[in-house]
Amino acid sequence: VVDFGAGHLHETELLRSIGVHVTPFEPYRLGEDNEIDKAASIELTRAFLADIASGRRYSSVFLSSVLNSIPFAEDRRKVVMLCAALCDEGTRFYANAMNRRHENYTSIATKEGEKLSKRRQDTATFVLGYEDGIVLGDFMDKPKVQKYHSAEEVYDLVKTAFGKCSVKQYNDYYQVTAAEPLPIDPKKLSEAIEFEFDLPYPDGSRMGLVDEAKAAFGKRLRIDL
């Protein structure tokens, strides 16, 4: 399986412990000090690219909570396209995404939900107007944008890259299952790779692995990128 956006690799390690082959990808790997470790991120990314270039077939591709952390719809489509490029007719794509019933959204956007915690009172949070369901949080600490989806939004997003998609709600999350990846558009895939494999880091540098990623995806898919 592929763990796309593997975070702390907890799920990766759990699956490996029961004998599952897991290929993780995490562009912002955190070190022991809870800060982004660029060197570790690059090492993990190169291992991911080597595995996909090998042509290994994946039964499942997981995208856990990543869609909530991408501020712009265009970039969310790029990430879903990259996941679809790793799938064949036998692969299932699984994603989850926080919806607008989540307390972090309802407390701010609709004044519903439980009372704000002391931490939330201390770190300003704002609803942004450029897209529905967008919140800027931790404004006084480490600002981050979160996207809270509607069922229609997450369905339409995944359908840009898959022929079949179902969305089920579990409290404040949507669980998405998809199959039948659509034919790859090499130009759009190249643009997605240019986005995902040249992400910025806090020190002002960038990932710088676009050429390596295009070579890996191109070899896997037998196309020129």
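Just so it is clear, the structure is predicted and the values come from calculations on it, not from any experiment.

*Asks:* Please clarify how the packing of helix 3 (residues 73-84) against helix 7 (residues 186-196) should be interpreted in this entry.
*Replies:* Helix-helix packing is characterised by the crossing angle of the two axes and by the distance between the axes. Running from N to C, helix 3 and helix 7 cross one another at 105°; their axes reach a closest spacing of 9 Å. Taken together, the axes of helix 3 and helix 7 lie roughly perpendicular to each other. Contact residues: helix 3 offers Asp75, Lys78, Val79, Met81 and Leu82, while helix 7 offers Lys188, Leu189, Glu191, Ala192, Ile193, Phe195 and Glu196. Here the residues of the contact of helix 3 with helix 7 sort into seven nonpolar, no polar and five charged.

*Asks:* Is there a simple way to think about the pattern of salt bridges in this case?
*Replies:* Here the idea is simple: oppositely charged side chains can pair when their charged atoms come close. Applying the stated rule across the entire model yields 13 salt bridges. The residue Arg46 makes a salt bridge to Glu212 at a minimum N-O spacing of 2.8 Å. Taken together, the positions of Arg46 in helix 2 (residues 38-53) and Glu212 in helix 8 (residues 210-221) put the pair 166 residues apart, joining distant regions of the chain. As a salt-bridge pair, Lys78 and Asp75 come within 3.6 Å of each other at their nearest N and O atoms. Taken together, the residues span about one helical turn, with Lys78 and Asp75 both in helix 3 at a distance of three residues. Overall, Lys78 belongs to the buried group, its relative accessible area being 17%. Residue class for Asp75 comes out buried when judged on its relative accessible area of 13%.

*Asks:* Looking at this structure, I do not really get the pairing of strand 4 (residues 92-98). What am I missing?
*Replies:* Successive side chains on a regular strand alternate, one facing one side of the sheet and the next facing the other. Direction of pairing for strand 3 (residues 60-64) relative to strand 4: parallel, over a ladder of five bridges. Bridging from a neighbouring strand, Leu63 pairs with Ala95 of strand 4. Where strand 4 and strand 9 (residues 173-181) come together, six bridges link them in antiparallel fashion. Its bridge partner lying in strand 9, Asn96 is registered against Gln175.

*Asks:* Mind showing me how you'd approach the confidence of the model for the protein chain here?
*Replies:* Reading fine detail from the predicted coordinates is not recommended where pLDDT is low. Residues of the protein chain with pLDDT of at least 70 account for 85%, and the chain-wide mean is 88. Here residues 112-116 scores under 50 on pLDDT; set against residues more than four positions off or in separate chains, the count is ten contacts. With pLDDT under 50 throughout, residues 118-122 is counted as low confidence; its partners more than four residues away or in other chains account for six contacts.

*Asks:* What is the right way to read the packing of aromatic side chains from this model?
*Replies:* Each aromatic ring pair is described using two quantities: the centre-to-centre distance and the angle formed by the ring planes. In this structure the tally under the stated criterion is nine aromatic pairs. When the centroid spacing of 5.4 Å and the interplanar angle of 75° are considered together, the rings of Tyr28 and Tyr201 count as edge-to-face. With Tyr28 in the loop between strand 2 (23-25) and helix 2 and Tyr201 in the loop between helix 7 and helix 8, the pair connects residues that are 173 residues apart, well separated along the chain. Assessed through its relative accessible area of 28%, Tyr28 is described here as partly exposed. An aromatic cluster is present here, built from Phe4, Phe25, Phe48, Phe197 and Phe217 joined pairwise through their rings.

*Asks:* Would you mind showing me how to read the nonpolar core here?
*Replies:* Side chains that are nonpolar tend, in soluble globular proteins, to be buried together. Counting residues in each nonpolar core, the largest one holds 46 residues, and the members touching the most others are Phe4, Phe48, Leu63, Phe93, Phe162, Phe197 and Phe217. Ranked by residues supplied to this core, first place goes to helix 3 with six residues. Contact partners of Phe162, with chain neighbours within four places excluded, come to Val80, Ala84, Cys87, Phe93, Ala178, Ala179, Glu180, Pro181 and Leu182.

Criteria and thresholds
- Residues numbered from 1 in each chain as written.
- Predicted model: local features only at pLDDT ≥ 70, side-chain atom pairs only at ≥ 80, totals over all residues.
- Heavy atoms only, no water.
- Axes fitted to C-alpha atoms, helices over the stretch in contact; angles between N-to-C directions.
- Helix = DSSP H or I, 4+ residues; strand = E, 2+ residues; numbered from the N terminus.
- Parallel < 35°, antiparallel > 145°, perpendicular 65-115°, else oblique.
- Contact = heavy atoms within 4.5 Å.
- Nonpolar A, V, L, I, M, F, W, Y, C, P; charged D, E, K, R; others polar.
- Salt bridge = Lys/Arg side-chain N within 4 Å of Asp/Glu carboxyl O.
- Buried < 20%, exposed > 50% of the residue type's maximum accessible area, 1.4 Å probe, protein only.
- Pairing = 2+ DSSP bridges.
- pLDDT = per-residue confidence, 0-100.
- Phe/Tyr/Trp six-rings, centres within 6.5 Å; stacked < 30°, edge-to-face > 60°.
- Core = buried A, V, L, I, M, F, W, Y, C linked by side-chain atoms within 4.5 Å.

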